[in-house]
Structure formats: C-alpha cells, structure tokens
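A look at the structure
Each chain is listed here by its residues.
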Amino acid sequence: MSLVAHPSPRARSRLSALLATACLVVSAFVFASPAAASTDGLLDLTCTAPSSEATTYDPPLTLAPQDVTFSSTVQYGPCVSLSRPDIDSGSRSLHVLTPDRSCLTLLETAVSAFTITWDTGETSTISGSRTATVVGAALVVTITGNVTSGVIAGDSVVQISTGPATGILACTLGLGTVDSVYSAVTLEITSL
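Everything numeric in this text was worked out from a predicted model, so none of it was measured. (Residues numbered from 1 in each chain as written. Predicted model: local features only at pLDDT ≥ 70, side-chain atom pairs only at ≥ 80, totals over all residues. Heavy atoms only, no water.)

What to know about the layout of surface pockets
A water-sized probe rolled over the atoms picks out the places where empty space is left. The computed volume of the largest pocket comes to approximately 660 Å³. Taken together, 29 residues line the largest pocket, and the ones lying closest to its centre are E53, F70, L94, S112 and R130. Among the secondary structure elements, those contributing two or more residues to the lining of the largest pocket are β2 (52–61), β3 (66–76), β5 (90–101), β6 (110–118), β8 (138–150), β9 (156–164) and β10 (178–191). Of the residues contributing to the lining of the largest pocket, the split by class is 13 nonpolar, eleven polar and five charged. (1 Å grid on protein atoms, 1.4 Å probe; cavity = no way out; pocket = protein on both sides within 12 Å on 5 of 7 lines; lining within 4 Å. Points joined across faces, edges and corners; volume = space filled by probe spheres on them. Helix = DSSP H or I, 4+ residues; strand = E, 2+ residues; numbered from the N terminus. Nonpolar A, V, L, I, M, F, W, Y, C, P; charged D, E, K, R; others polar.)

Structure, rendered in structure tokens:
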C-alpha cells in the first residue's frame, strides 16, 4: 500500500498554471531594465552595443594618490530615438589632469557632467551622479541624471558602463596598476 498522495489531473493542471505564473512574475523582475523600473516616462533614445568607452590613465593608477592625466573617449551607437529618428550615433571625449587619483578613487561616488555630440552636429549636455561598483569580475559604472540643455533637454538619463575589474581589484590590493579600462556602454534617455 502506497502512502504517497498523487494529485488529481485537475490539481496538477492548477499547480502547473500556478508555477508558470510564478515563473513569469519572477522573470519580469529579473530581466526588467533598471532604467525602465525607475521611471514612468517613455524611452525616447537608446544607444546599445557596440557603444563603448575607452579610458586611459597617465601615469597608471596605483594605490598611492598622484596627479594623473585622465583621457576618455565614448562612442555611442547604434542609437534609436522616437523623437529624433535622424540621430544614429554620438560621441564625447575628455582629456584632463586630475589631482590625487588612485585606483581607490575609481570606486567613489561623484558628480558627473558631460556633453554628447550627435551625428547631426547637435549636442546634449547631461548632469547627474556617478556610482561605481564591482560585481563579480566586472566594474559597473552607472550615471543617472538629466539632459540639462540641447537635444531632448529635460529628459532623464541612465548610462551604464561595464568593464573588467580584475586589474582594479589587484591595484586596490597593492598588486598592480591600472593604465586603462575598456567598457561596453548602454545609454537610455527617457522622457518625463
């Protein structure tokens, strides 16, 4: 005599439907875009792979603070925009001497302001905040803010750059230097 209860076909059907619904709800949370989850606006412009950022440090960053020339070039594209379908790509660059930089400062929260020049010749100036975290072996830098002037002014912005963190982690332990970081970039601009 078996002591194991076997559910009826109707109970198995209900259980399957309940599990399928639970999986859909969980996957909606897991795969939801952080930008989409944080705003009620309409995604107006997005730039995806192979958008990228190449950053160099001269001299290379060490654990000890020093004056460093920071150079960064970001290429956005392909880009798709509902309000500006003529925008396909953009870029920005920066070359500046920064005092007291170390590999530890890469992980600090900071104010961020930059201007993107679009392939139409127009610009968008973005102001916001920058946070950096190490997730597994990846350095994830998130900039959140607003377009303060130019194309799509007034919209909110989320830019996420993801690059390898192994050199940064070794540097923070005093086991190496960081001379460059290459990151994949996504940019989402959302109307409010």
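A word on the confidence of the model for the chain
Looking at the chain as a whole, the pLDDT averages 84, with 79% of positions reaching at least 70. Taken as a whole, residues 1–39 scores under 50 in pLDDT and shows eight contacts with residues more than four places along the chain or in a different chain. (pLDDT = per-residue confidence, 0-100. Contact = heavy atoms within 4.5 Å.)

Some words on the state of the cysteines
Two cysteines, two sulfur atoms, one covalent bond between them: this is a disulfide. Scanning the model with the defined rule gives two disulfides in all. For the chain, the bonded cysteines pair up as 1-2, 3-4 when numbered in the order they occur along the sequence. (Disulfide = S-S within 2.5 Å.)

Quick notes on unusual backbone geometry
Each neighbour pair has its own omega, and for A49 with P50 the value is 15°, a cis peptide bond. Within the fold, P50 resides in the loop between β1 (42–47) and β2. In this model, G77 is joined to P78 through a cis peptide bond whose omega is 5°. If you trace the backbone, P78 turns up in the loop between β3 and β4 (79–81). You will see that D100, though not glycine, has its phi angle at about 50°, which is positive. Note on placement: D100 falls in strand β5.

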